[in-house]
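Residues per chain are reported as follows:
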Amino acid sequence: SPAGMVLSVLVILLLSVLYEAVKMGKAVLLRRALLALPRSLSQEALSEPQEGASSPAQGSPSLMAFPVSFPRWFWFHVGQTLFHVVQVVLGYMVMLAVMSYNAWIFLGAIAGSTLGYFL
C-alpha cells in the first residue's frame, strides 16, 4: 500500500540519519579518549588510577591484579566499542533494506545519509 511504502521510506531515512549521528558521536568520543590518554604511554602510566585516587588493595599483591577503578581512557574505549556495535547494526539494517532493490527505499537511505551528515 502507498501508506506502508511511505512509512518504510521514512523509517529507512531515520535509520540513516541515526547511523550518521552515531558515526559523528563516535568521532567525538575518540577525540575525548585521545585527550584522556596520559602523556607517557608507559605501562605504569596506563595502569595507575587517576590523580589522587587510592585503592584499598595497594599493599596486597593478590588484589592488585584486579584494579578497583579503571583509568578514564578505558571507559572512553568501552563507550567507543558500544558506539561501534550500534553503528554496525544500523549499517547492516540499512544495507539489508537497500538490498530489497526498491528505488524508493534506496532514495530514502541516500536522503537520510545526506541529511544526517548535514546535521
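Residues numbered from 1 in each chain as written. Predicted model: local features only at pLDDT ≥ 70, side-chain atom pairs only at ≥ 80, totals over all residues. Heavy atoms only, no water.

1. Focus: helix H5 (residues 103-118)
Thinking step 1. Given a rise of 1.5 Å per residue, 16 residues ought to cover 22 Å, and the 22 Å separating the end C-alpha atoms of H5 matches this to within 8%.
Thinking step 2. Taken as a whole, H5 has its buried residues at Ile105, Gly108, Ala109, Gly112 and Gly116. Along H5, the residues classed as buried sweep out an arc of 100 degrees about the axis, all on the same side. Facing away from the buried side of H5 by over 90 degrees, the exposed positions are Ala103, Trp104, Tyr117 and Phe118.
Thinking step 3. Those residues of H5 that are buried lie in contact with helix H1 (2-36) and helix H4 (72-98). (Helix = DSSP H or I, 4+ residues; strand = E, 2+ residues; numbered from the N terminus. Expected span 1.5 Å × (residues − 1). Buried < 20%, exposed > 50% of the residue type's maximum accessible area, 1.4 Å probe, protein only. Arc of directions from axis to C-beta. Contact = heavy atoms within 4.5 Å.)

2. Some remarks on the packing of H4 against H5
Thinking step 1. Where H4 meets H5, the closest approach of the two axes is 8 Å, and the angle between their N-to-C directions is 150 degrees. With respect to their mutual orientation, H4 and H5 come out roughly antiparallel. Residues Val94, Ala97 and Val98 of H4 form the contact with H5, whose own contacting residues are Ile105, Phe106 and Ala109.
Thinking step 2. Of the residues that constitute the contact of H4 with H5, the class distribution is six nonpolar, no polar and no charged. (Axes fitted to C-alpha atoms, helices over the stretch in contact; angles between N-to-C directions. Parallel < 35°, antiparallel > 145°, perpendicular 65-115°, else oblique. Nonpolar A, V, L, I, M, F, W, Y, C, P; charged D, E, K, R; others polar.)

3. Topic: the nonpolar core
Thinking step 1. Of all hydrophobic cores here, the largest spans nine residues; its members are Val9, Ile12, Leu15, Val22, Leu90, Val94, Ala97, Ile105 and Ala109.
Thinking step 2. Elements with a contribution of two residues or more to this core: H1, H4 and H5.
Thinking step 3. Residues within four places of Val94 in sequence aside, it is in contact with Leu15, Ser16 and Ala109. (Core = buried A, V, L, I, M, F, W, Y, C linked by side-chain atoms within 4.5 Å.)

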